[in-house]
Amino acid sequence: MIEVEKIHFSVKNKSLLQDVSFKAKTGEFWAVVGANGAGKSTLMKLLSKELTPTQGKISFHNKDLKKYSLKELAQKRAVLAQQNVITLAFSVHDIVLMGRYPFYDSKPSQRDLSIVDHCLQKVGIIHFRDRLYPTLSGGEQQRVQLARTLAQIWEVREGFIFLDEPTSGMDLLHQYETFQLAREMTQKGYGVIAVVHDLNFALQYADQVLMLKKGKMFAIGNAGEVLTGENIRDAFGVSVRIFQPDDSPFPVIIPEATPVAIV
Amino acid sequence: MMTEEETIAKTERKEQKMIQQELKQPLSPGWVILILGVALLGCVLFSVATGALSISFSEIVGIVSYKVGLTDIPIEEQQKEIVFWVIRLPRVCLGILVGAGLGVAGAALQGLFRNPIADSTLIGVTSGASLFAVIVIMLNIKFFGIINEIAGAYTLSFAAFIGAAVTTALVYQLSKITGEGGVATMLLCGIAINAFVGALTGLMTYMATDEQLRTITFWTLGSLGGANWTTVLSVLPFVGCSILFMPYLAKSLNLLVLGESQAAHLGVNMVKLKRGVIILATMAVGSSVAVAGTIGFVGLVVPHIIRSIFGPDNRYLLVGSAFGGAIVLTLADTISRTIVAPGELPIGILTALLGTPFFLYLLWNQKRNRV
């Protein structure tokens, strides 16, 4: 469980995040949405302890996040960041195996290796196993990183997965598969917190949605309650229409042609 | 349908079987050490045998077994025995140490800076050592009564090592003050300090007399000519430490490939890693430069060679580069002392002369393999 209590974060008097509080449990899929610069990535960095809040407190499994060592955290949560540039000629298998590094000393066990292969299979890139990472396309590289993130968390009980725009660069099918996978992980008892740009995916897959606007919590709650036409217009500056197709269990969000000014 | 637990267990069994069947695993560090160790041994034998006075293989065996007490009969030409123990072997040993130090430091720094063109010059080791060495040459040791008493004939080496350590510390501290301590800041600070220290060295050179200029030039070109057992033993602890402890950082350096923050998410303490690499690299390169002058290109090219043979994994790369550096330097030194015999070509000239085309070949080859 992650408990965020009134956290603020500012750099040189410029406030990037103000008064954000929420409680994410394992088994829940949280989507963080908001316009560019709303503080989504900052929030993810605070959650993963890359940054420390200037005020407020984050507890991770009822223990202050500050009291965790990097090594301990590495065995309890996995992070997929936005940019992943690798120039050295590591193979896909090597990169995914890096997710297992926190769990072995000098030599990976058979189990580590099988987990790597299984995660490659899960993400559907087992046929890339021996390809060199720099030779893959952007979307393929992102899927390798996803597999690495999965490998890191695979055997962790009540682990958390933080995904910052996990689907960037992926084609439609793999975007869909990624969300499906995230959903599956929550059913296995993991907690997933993801920055999501496509509101339709958020609506379709997330249990809870946190909507940020200019560093503040704008709305929080069930996906259906937060992702309303009004909220989306106020937070993103785009008027949308929300349809409920007869043959689909989910409503569909479609932007209207002309954007309105952000208030 | 199988549960996932079963699937994993199944692949586990399958892989175990596969490994039993055909050992299709990548080379373990043990193999890398074995292969390169044999190559190094070959180079050492070749190097001690070659020179103005050539010693045959059987004579080497005779000399060594007489020394360790396996036989009571010394070889016929006692002169060769003296040449072997007093001139050749210490020189070869020094070459091994210096080369290994440059190689391992180069590989680790390339990993730390996530940059294939990084080498020890970037963090100020070489330029700092040069500056202090030039100062000592200029002031002509006699003014340094105190240092002279402690360091004796090794004042130059001593000063060079201090210079290397001081400059690197300066670069490291500056990067902490000016930036958030990321490696990119450190790289930039290194470039700035290098330029500054280089200018000071230039100023010294400008003021130098002809005699001093000659000494300075020869020092900056590097040579293993000053080798004896004392220099070997004084370099050994520094390079030895570096080679022993650097491989412990290999896993962290691998994770660093993913980026600084991603590495931190996987449990790497960046501050510790950076400090470790810098200290160990400075020890290795600082002591090497101190006794042999600046030998360029080994720290840059050797890791590339090892990477193209054994792959980019730092667990092989660091150890491999130590061996590779030792091999390259042993061979280069053999050439440098035989090619213009009885004179001696500065080894720095050779490493750069032979290193450049080889390096370009590697780049070309990489490109060819990628397409």
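Note that residues are indexed from 1 along each chain, following the sequence as it is written. Written order determines the labels here, with chains lettered from A and ligands numbered from 1. Only residues with pLDDT of at least 70 get local features here, since the model is predicted, and only at 80 or more are side-chain atom pairs given and counted; chain-wide, interface and lining totals rely on the full set of residues.

Colleague: Describe the overall build of chain B, and please don't skip the residues or the numbers.
Modeller: Secondary structure elements are defined from DSSP: runs of H or I of at least 4 residues count as helices, runs of E of at least 2 residues count as strands, and each element is numbered from the N terminus. Along the backbone of chain B there are 16 helices and 0 strands. Working definition of burial: number of other C-beta atoms within 10 Å of the residue's own, with buried at 20 or more, exposed at 12 or fewer, and partly exposed in between, all C-beta atoms being placed from the backbone. Sorting the 371 residues of chain B into buried and exposed places 47% on the buried side. Relative to all contacts within chain B whose residues are 6 or more apart in sequence, the contacts with residues 24 or more apart total 77%. In this description, a residue-residue contact is defined by the distance between C-beta atoms placed from the backbone, which must lie within 7 Å.

Colleague: Account for the overall build of chain A, with residues named and values stated.
Modeller: Per the secondary structure count, chain A includes 9 helices and 12 strands. We compute the radius of gyration over the C-alpha atoms and compare it with the globule rule, which gives 2.2 Å times the number of residues raised to the power 0.38. The C-alpha atoms of chain A give 19 Å as radius of gyration, which agrees with the globular expectation for 263 residues (18 Å, within 12%). Projecting the C-alpha coordinates of chain A onto the three principal axes gives extents of approximately 55 × 45 × 35 Å. For chain A, with 263 residues in total, the buried portion stands at 45%. For chain A, the share of sequence-separated contacts (at least 6 apart) that also reach a separation of at least 24 residues comes to 65%.

Colleague: Describe in detail unusual backbone geometry, supporting the description with residues and values.
Modeller: Residue and element names in this part refer to chain A. One non-glycine residue, Lys49, lies in positive phi territory at about 70°. Note that Lys49 resides in the loop between helix H1 (40–47) and strand S4 (55–60). Positive phi, close to 50°, is recorded for Lys214, a residue that is not glycine. With respect to the helices and strands, Lys214 occurs in the loop between strand S9 (208–213) and strand S10 (216–222).

Colleague: Go over the interface of chain A and chain B, please, and point to the residues and values.
Modeller: Taken together, the contacts link 25 residues of chain A with 23 residues of chain B. Ranked by residues supplied to the side of chain A that touches chain B, first place goes to helix H4 (residues 110–123) of chain A with 7 residues.

Colleague: Could you give an account of the confidence of the model for chain B, naming the residues involved and the relevant values?
Modeller: All names here are of chain B. Each residue gets a pLDDT score, which is the predictor's confidence in that residue and runs from 0 to 100. Scored by pLDDT, chain B comes out at a mean of 84, with 90% of its residues at no less than 70. This stretch, residues 21–25, has a pLDDT under 50; its non-local contacts, to residues over four places away or in other chains, come to 2 contacts. Confidence metrics for the complex model read pTM 0.85 and ipTM 0.87.

Colleague: Lay out the pairing of S9(A) in plain terms, naming residues and giving numbers.
Modeller: Residue and element names in this part refer to chain A. Where burial is concerned, most of S9 is hidden: 6 out of the 6 residues are buried. A two-sided burial pattern is seen for S9, the buried positions comprising Gln208, Leu210 and Leu212 on one face and Val209, Met211 and Lys213 on the other. When DSSP finds at least two bridges between two strands, those strands are taken to pair. As paired strands, strand S3 (residues 29–34) and S9 are joined by 5 bridges and run parallel to one another. Bridge assignment links Trp30 to a residue of S9, and that residue is Gln208. When S9 meets S10, the two strands line up antiparallel, connected through 6 bridges.

Colleague: With reference to specific residues and values, describe the environment of Lys25(A).
Modeller: Residue and element names in this part refer to chain A. Here Lys25 lies in the loop between strand S2 (14–24) and S3. Accessibility expressed as a C-beta count within 10 Å gives 14 for Lys25, which makes it partly exposed. Residues Lys25 and His61 lie 36 residues apart in sequence; the distance between their C-alpha atoms is 9.3 Å. Excluding residues that lie within four positions of it along the chain, Lys25 makes contacts with Met1 and Gly191.

Colleague: Mind laying out the nonpolar core, listing which residues take part and the relevant values?
Modeller: Take the buried Ala, Val, Leu, Ile, Met, Phe, Trp, Tyr and Cys residues, join any whose C-beta atoms are within 7 Å, and the set you get is a nonpolar core. Judged by nonpolar contacts, the single largest core of 187 residues is most densely connected at Val32(A), Val96(A), Ala202(A) and Ala108(B). If you tally residues by element for this core, the top one is helix H4 (residues 78–112) of chain B, at 16 residues. Leaving out residues up to four positions away in the same chain, Ala202(A) has contacts with Ala31(A), Val33(A), Val196(A), Val209(A), Ala223(A) and Leu227(A).

Colleague: Please give an account of the environment of Phe297(B) that cites residues and values.
Modeller: Along the chain, Phe297(B) turns up in the loop between helix H13 (270–292) and helix H14 (298–310). Separated by 134 residues in the primary sequence, Phe297(B) and Gly163(B) place their C-alpha atoms 20 Å from one another.

Colleague: Please provide a residue-by-residue account of helix H8 (residues 183–207) of chain B, values included.
Modeller: Residue and element names in this part refer to chain B. Every helix has an expected span of 1.5 Å times one less than the residues it contains. For H8, with 25 residues, the first-to-last C-alpha span of 36 Å sits near the 36 Å given by 1.5 Å per residue. The set of residues buried in H8 consists of Val183, Met186, Leu187, Cys189, Gly190, Ile193, Asn194, Val197 and Thr201. Contact partners of the buried residues in H8: H4, helix H5 (125–139), helix H7 (155–178), helix H12 (260–265) and H13.

Colleague: Quick rundown of the environment of Gly225(B)? Include the residues and the values.
Modeller: Relative to the elements of secondary structure, Gly225(B) occurs in the loop between helix H9 (210–221) and helix H10 (229–245). In this structure, the C-alpha to C-alpha distance between Gly225(B) and Ile87(B), residues 138 residues apart in sequence, is 9.5 Å.

Colleague: Can you break down the packing of H4(B) against H14(B) residue by residue, with the values?
Modeller: In a packed pair of helices, the relevant descriptors are the angle between the two axes and the axis-to-axis distance. Residue and element names in this part refer to chain B. Here an angle of 0 to 180 degrees is reported between the N-to-C directions of two axes, which are lines fitted to C-alpha atoms, with helices fitted over the stretch in contact. Contact geometry for H4 and H14: axes closest at 8 Å, N-to-C directions at 70°. Judged by the angle between their axes, H4 and H14 are roughly perpendicular. Here Gly99, Leu102, Gly103, Ala105, Gly106, Ala107 and Gln110 of H4 lie close against H14, whose contacting residues are Val298, Gly299, Leu300, Val302 and Pro303. Along the lines of polarity and charge, the residues of the contact of H4 with H14 split into 7 nonpolar, 5 polar and no charged. By the definition adopted for this analysis, an angle is roughly parallel if under 35 degrees, roughly antiparallel if over 145, roughly perpendicular if from 65 to 115, and oblique otherwise. Just so you know the grouping, Ala, Val, Leu, Ile, Met, Phe, Trp, Tyr, Cys and Pro go in nonpolar, Asp, Glu, Lys and Arg go in charged, and all remaining residues, Gly too, go in polar.

Colleague: Now, about the packing of H10(B) against H13(B): what can you tell me, with residues and values included?
Modeller: Residue and element names in this part refer to chain B. Orientation of H10 relative to H13, taken along the N-to-C sense of each, is 155°, at an axis distance of 8 Å. Classed by the angle they form, the pair H10 and H13 counts as roughly antiparallel. Classified by chirality, the crossing of H13 by H10 is left-handed. Packed against H10, whose contacting residues are Thr231, Val235, Phe238, Val239, Cys241, Ser242 and Phe245, the element H13 presents Leu280, Met283, Ala284, Ser287, Ser288 and Val291 at the interface. Here the contact of H10 with H13 is built from residues that sort into 9 nonpolar, 4 polar and no charged. Note on convention: the crossing is left-handed when the near helix lies turned anticlockwise from the far helix by less than a right angle, right-handed when the turn is clockwise.

Colleague: Tell me what's going on with H10(B), and back it up with residues and numbers.
Modeller: Residues and elements named next belong to chain B. Compared with the 24 Å implied by 1.5 Å per residue over 17 residues, the 24 Å span of H10 between its first and last C-alpha is a close match. Two axes are fitted around each residue, one to the seven residues ending there and one to the seven starting there, and the angle between them is reported as the bend at that residue. Along its length, H10 reaches its greatest deviation from straightness, about 35°, at Leu236, and the proline Pro237 lies no more than four positions downstream. For H10, the full list of buried residues reads Thr231, Val232, Val235, Phe238, Val239, Ser242 and Ile243.

Colleague: An account of the pairing of strand S7 (residues 160–164) of chain A is needed here, citing residue identities and associated values.
Modeller: Residue and element names in this part refer to chain A. Counting buried residues in S7 gives 5 out of 5 residues, a clear majority hidden from the surface. A two-sided burial pattern is seen for S7, the buried positions comprising Phe160, Phe162 and Asp164 on one face and Ile161 and Leu163 on the other. Looking at chain direction, strand S6 (residues 77–80) and S7 are connected through 4 bridges and run parallel. Across the sheet, Arg77 pairs through a bridge with Phe160, a residue of S7. By the bridge criterion, 5 bridges tie S7 to strand S8 (residues 191–195) in an arrangement that is parallel. In the sheet register, Asp164 faces S8, and the bridge partner there is Val195. For the handedness criterion, the strands are oriented away from the viewer, and a crossover whose path from the first strand over the helix to the second runs clockwise is classed as right-handed. With helix H6 (residues 172–187) bridging S7 and its parallel neighbour S8, the resulting β-α-β unit is right-handed.

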